[in-house]
Amino acid sequence: MIYPRQRTLVLKATTHEVVAEFDTSGHYDFVSPPSPADGRIYFLHAGQLKVFDPRQPAAAPTAVLAVASAQAMTWLEGPAPALLIFTHEGRLVRYVPTTGVATNVDVASPEE
């Protein structure tokens, strides 16, 4: 995904062809690796976790969860893969797309 000004472009990696383009504004915190279950891409934009399905490039991204910010995202694989989001506030958000359930864990940071 590329973010020039107020647009987001989704490129096909092998051909560099633009396969989707949608309006966006503001700041992106983070973009996930593709989901191991279905290849969807999750990203944080304007305080929302949004999902984009590259198999349906004409469909606009959909907001699925309020998340203020992130420092990192990764997938926890298993029968129901979970997206793990490490926030700037010191929380770990575990979001399971198949159920829509999110859980939050406060992570105790070591004193500096």
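A short tour of the structure in this document, coming up. (Residues numbered from 1 in each chain as written. Predicted model: local features only at pLDDT ≥ 70, side-chain atom pairs only at ≥ 80, totals over all residues. Heavy atoms only, no water.)

**Re the packing of aromatic side chains**
Phase 1 of the analysis: Under the definition given, this model contains 2 aromatic pairs.
Phase 2 of the analysis: With 5.6 Å between their ring centres and 70 degrees between their planes, tyrosine 42 and tryptophan 75 make a pair best called edge-to-face. Taken together, the positions of tyrosine 42 in strand β4 (residues 41–45) and tryptophan 75 in strand β7 (residues 72–76) put the pair 33 residues apart, joining distant regions of the chain. For the residue pair tyrosine 42 and tryptophan 75, the accessibility class agrees, reading buried in each case.
Phase 3 of the analysis: Taken together, Tyr42, Trp75 and Tyr95 form an aromatic cluster joined through their ring pairs. (Phe/Tyr/Trp six-rings, centres within 6.5 Å; stacked < 30°, edge-to-face > 60°. Helix = DSSP H or I, 4+ residues; strand = E, 2+ residues; numbered from the N terminus. Buried < 20%, exposed > 50% of the residue type's maximum accessible area, 1.4 Å probe, protein only.)

**A look at the sheet that holds strand β10 (residues 101–106)**
Phase 1 of the analysis: Spatially, the 4 strands line up as an open sheet ordered β7-β8-β9-β10, and their pairing is antiparallel. Looking at which strands have only one partner, the edges of the open sheet turn out to be β7 and β10. Across the sheet, the axes of successive neighbouring strands diverge by a mean angle of 20 degrees, strand direction being ignored.
Phase 2 of the analysis: Two strands pair when backbone bridges link them, and strand β9 (residues 91–96) and β10 are joined in this way by 6 bridges, in the antiparallel orientation. If you follow valine 96 over to β10, its bridge partner there is valine 101. (Pairing = 2+ DSSP bridges. Axes fitted to C-alpha atoms, helices over the stretch in contact; angles between N-to-C directions.)

**Here's the deal with the pairing of β9**
Phase 1 of the analysis: Strand direction decides the pairing type here: strand β8 (residues 82–86) and β9, joined by 4 bridges, are antiparallel. Looking across to β9, one finds that phenylalanine 86 is bridged to leucine 92.
Phase 2 of the analysis: Where β9 hands over to β10, the hairpin turn is made up of 4 residues, of which glycine 100 adopts a positive phi near 75 degrees.

**Side note on the nonpolar core**
Phase 1 of the analysis: Grouped together as the largest cluster of nonpolar side chains are 13 residues, with contacts concentrated most on Tyr42, Leu49, Leu83 and Ile85.
Phase 2 of the analysis: The set of elements that each furnish at least two residues to this core consists of β4, β5 (48–52), β7, β8 and β9.
Phase 3 of the analysis: If sequence neighbours within four positions are ignored, isoleucine 85 has contacts with Leu49, Val67, Ala70, Ala72, Met73, Arg91, Leu92 and Val93.
Phase 4 of the analysis: With 5 residues, the next largest nonpolar core counts Ala20, Phe22, Phe43 and Phe52 among its residues. (Core = buried A, V, L, I, M, F, W, Y, C linked by side-chain atoms within 4.5 Å. Contact = heavy atoms within 4.5 Å.)

**Description of the pattern of salt bridges**
Phase 1 of the analysis: One pass over the full model with this rule turns up 3 salt bridges.
Phase 2 of the analysis: Salt-bridge contacts for arginine 40 lead to aspartate 53; the nearest nitrogen and oxygen are separated by 3.5 Å. In this pair, arginine 40 sits in the loop between β3 (28–31) and β4 while aspartate 53 sits in the loop between β5 and β6 (62–66), placing the two residues 13 residues apart along the sequence.
Phase 3 of the analysis: Each of Asp38, Arg40, Asp53 and Arg55 takes part in a single network of salt bridges with overlapping partners. (Salt bridge = Lys/Arg side-chain N within 4 Å of Asp/Glu carboxyl O.)

Remember, this is a structural readout, not a statement about activity or role.
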